[in-house]
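The residues making up each chain are set out below.
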Amino acid sequence: MKAGSMSKIDTLIAELCPDGVEYRKLGEIANIRKGEQLNKNSLLADGPYPVLNGGRDYSGYWTEFNSKSGVVAVSQGGASAGFVSWMTVPFWAGAHCYVVEKSASCEARYLFHVMKSCEAGFMQSQYGAGIPSLSAKTLAGTEIPVPPIEVQREIVHILDTFATLTDTLTEELDCRKQQYAYYRDRLLSQESLEALDGKPVEMKRLGDISINGPMYGSNT
């Protein structure tokens, strides 16, 4: 799949932009806005709309939203300033959150992938001794490749496919680890070992049965 997909992208680029892919500043090809302040003490423990502020996780919930789903959110302030998120639900963007929306020249999901690749640079651009921040100027001035929409969609298809596969493999690995722990503990339990051997299991210290004999003596 990888080779064929990359070949398709190469073909599209050759056909649609034979002179190369254009690089443009993010602020020129996307709408960037800052969220609105919401009193922390007013946040709900649960509610219809999550609140995203300066962290990687939700700050709480609120009864209204000021941003639609299908947009990119970037942490503006705090230790996670520069962290890039893809929002799948309507949400309230707080004062320490940037919202990046698509334009006619860029697909929203493409913006997410290309901005995620810039995330380390965003976080290294933090300023301020107290609460680290990512400036709007730095975000808007970041240059990103802007291939034709057809190329963007193919790139999104490839990256989303790999992301899905990675998630599936991670879940499978977690399940295997749980299965291993379960059967290890069950098979090595005294009850199971006695059932296999048909007689009580003799328990010994590890040092008494090692190749080099007892390590700490019989009085330890």
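Please refer to the structure higher up on the page.
The shown structure was predicted, so the numbers you read here are calculated from the model rather than taken from an experiment.

The next point concerns the overall build of the chain. From N to C terminus, the chain includes eight helices and nine strands. Across the 220 residues that make up the chain, the buried fraction comes to 31%. Long-range pairs, those at least 24 residues apart, make up 65% of the contacts in the chain with a sequence separation of at least 6. Carbon and sulfur atoms make up 54% of the accessible area of the chain, which amounts to about 14,200 Å² in all.

Glancing now at helix α3 (residues 108-116). In terms of burial, α3 is a largely internal element, seven of the nine residues being buried. What α3 keeps buried is the set A108, Y110, L111, F112, H113, V114 and M115.

A separate point is the sheet that holds strand β3 (residues 49-52). Overall, mixed pairing links the three strands, which are arranged β4-β3-β7 in an open sheet. The open sheet has two free edges, formed respectively by β4 (60-62) and β7 (92-93), since each of these has just one partner strand. Judged from the two bridges that link them, β3 and β7 form a sheet pairing that is parallel. Across the sheet, residue V51 finds its bridge partner in β7, namely W92.

So, on to the nonpolar core. Core analysis: the biggest nonpolar cluster contains 22 residues, and L26, V74, V100, L111, M115 and L139 have the highest contact counts within it. Among the elements that line this core, the one with the most residues is α3, at five residues. The residues touching V74, leaving out its near neighbours within four places in the chain, are G82, F83, V84, H96, C97, Y98, V100, M115, L134 and L139. Ranked by size, the runner-up nonpolar core spans eight residues in total, among them L52, A73, F91 and C97.

Right, let's get into the packing of aromatic side chains. As enumerated under the stated definition, the model contains three aromatic pairs in all. Seen from their ring centres, Y49 and F65 are 4.9 Å apart, and the 55° between their planes marks the pair as tilted. Note that Y49 is positioned in strand β3 and F65 in the loop between β4 and β5 (71-75), a separation of 16 residues in sequence. Taking the relative accessible area as the measure of exposure, Y49 reaches 22% and is therefore partly exposed. When the ring of Y58 is compared with that of Y61, the centres are 6.2 Å apart and the planes differ by 75°; the resulting orientation is edge-to-face. Taking the relative accessible area as the measure of exposure, Y61 reaches 25% and is therefore partly exposed.

Rules of the game
- Residues numbered from 1 in each chain as written.
- Predicted model: local features only at pLDDT ≥ 70, side-chain atom pairs only at ≥ 80, totals over all residues.
- Heavy atoms only, no water.
- Helix = DSSP H or I, 4+ residues; strand = E, 2+ residues; numbered from the N terminus.
- Buried < 20%, exposed > 50% of the residue type's maximum accessible area, 1.4 Å probe, protein only.
- Contact = heavy atoms within 4.5 Å.
- Areas by Shrake-Rupley, 256 points an atom, 1.4 Å probe, with all protein chains shown as cover.
- Pairing = 2+ DSSP bridges.
- Core = buried A, V, L, I, M, F, W, Y, C linked by side-chain atoms within 4.5 Å.
- Phe/Tyr/Trp six-rings, centres within 6.5 Å; stacked < 30°, edge-to-face > 60°.

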